[in-house]
Amino acid sequence: MTPRQTVAMVLTSVVVTGLVAGALGVPLGAALHGWVIPAMGDSVGLRLPGSVIAVHHWALLLPLALGGLLIATLGALLPAGWAARARTATALRTE
């Protein structure tokens, strides 16, 4: 493999993992927030207003997911560079 192919392989694995995590984590986190916050308020006898509960608008969730993907990709650039400079067999073995 060429160094460019090694970098592409490492980044692709991170992007795929990031896409799956974002696709599952962002909606799950928003739904969990809508369930946990009212339960916490109810446990102390408070009825929380909708403005406290509905803080995540669906139009905001896509940029959050894309931001997480960008952070994951940027975080993988340094290890991808290390793998590209190493022998391919060594890089794959430690991956």
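Just so we're clear, the structure is a prediction, and the values are computed from it rather than from any experiment. (Residues numbered from 1 in each chain as written. Predicted model: local features only at pLDDT ≥ 70, side-chain atom pairs only at ≥ 80, totals over all residues. Heavy atoms only, no water.)

Draft legend 1. Quick peek at the overall build of the protein chain. Broken down by element type, the protein chain carries 4 helices and 0 strands. When the helices and strands of the protein chain are listed from N to C terminus, the series reads α-α-α-α. For the protein chain, the C-alpha radius of gyration of 20 Å lies well beyond 12 Å, the compact-globule estimate for 95 residues. Across the 95 residues of the protein chain, 19% fall into the buried class. The long-range fraction of contacts in the protein chain, counting pairs at least 24 apart against all pairs at least 6 apart in sequence, stands at 71%. Accessible surface, the protein chain: about 6,800 Å² in total, of which carbon and sulfur atoms supply 73%. (Helix = DSSP H or I, 4+ residues; strand = E, 2+ residues; numbered from the N terminus. Rg over C-alpha atoms; globule rule 2.2 N^0.38 Å. Buried < 20%, exposed > 50% of the residue type's maximum accessible area, 1.4 Å probe, protein only. Contact = heavy atoms within 4.5 Å. Areas by Shrake-Rupley, 256 points an atom, 1.4 Å probe, with all protein chains shown as cover.)

Draft legend 2. Inspection of the environment of T17 at higher detail. If you trace the backbone, T17 turns up in helix 1 (residues 3-43). When its relative accessible area of 53% is taken as the criterion, T17 is described as exposed. Placed 66 residues apart in sequence, T17 and A83 show a C-alpha to C-alpha distance of 18 Å.

Draft legend 3. Looking closely at the pattern of salt bridges. If you walk through the whole model with that rule in mind, you get 1 salt bridge. With a closest N to O distance of 3.5 Å, D42 and R47 form a salt bridge. (Salt bridge = Lys/Arg side-chain N within 4 Å of Asp/Glu carboxyl O.)

Draft legend 4. Examining a nonpolar patch on the surface more closely. Among the surface-exposed residues, V16, V20 and L24 lie close enough to one another that they form a single nonpolar patch of about 280 Å² accessible area. As for its position among the elements, V16 is in helix 1. (Patch = residues over 30% accessible without salt bridge, like charges linked within 9 Å, V, L, I, M, F, W, Y side chains within 5 Å.)

Draft legend 5. Highlighting the nonpolar core. In terms of nonpolar packing, the biggest core is built from 5 residues, these being V10, L11, A76, A80 and A83. Breaking this core down by element, the ones donating at least two residues are helix 1 and helix 3 (58-85). Here this core takes 3 residues from helix 3, the largest share from any one element. (Core = buried A, V, L, I, M, F, W, Y, C linked by side-chain atoms within 4.5 Å.)

Draft legend 6. A look at the packing of helix 1 against helix 3. Two elements in contact, helix 1 and helix 3, have axes separated by 8 Å at closest approach and are oriented at 155°. Judged on the interaxial angle alone, helix 3 and helix 1 are roughly antiparallel. Taken as a pair, helix 1 and helix 3 cross one another with a handedness that is right-handed. Touching P3, T6, V7, V10, L11, V14, V15, G18, L19, G22, V26 and A30 of helix 1 are L61, A65, L69, A72, T73, A76, L77, A80, A83 and A84, all from helix 3. For the contact of helix 1 with helix 3, the class distribution of residues is 18 nonpolar, 4 polar and no charged. (Axes fitted to C-alpha atoms, helices over the stretch in contact; angles between N-to-C directions. Parallel < 35°, antiparallel > 145°, perpendicular 65-115°, else oblique. Left-handed = near helix turned anticlockwise from the far one by under 90°. Nonpolar A, V, L, I, M, F, W, Y, C, P; charged D, E, K, R; others polar.)

Draft legend 7. Highlighting helix 3. Taking 1.5 Å as the rise per residue, helix 3 with 28 residues should run 40 Å; its terminal C-alpha atoms sit 42 Å apart, in good agreement. Along helix 3, the helix axis deviates most sharply at L77, where the bend reaches about 35°; the proline P79 sits within four residues downstream. (Expected span 1.5 Å × (residues − 1). Bend = angle between axes of the 7 residues up to and from the residue.)

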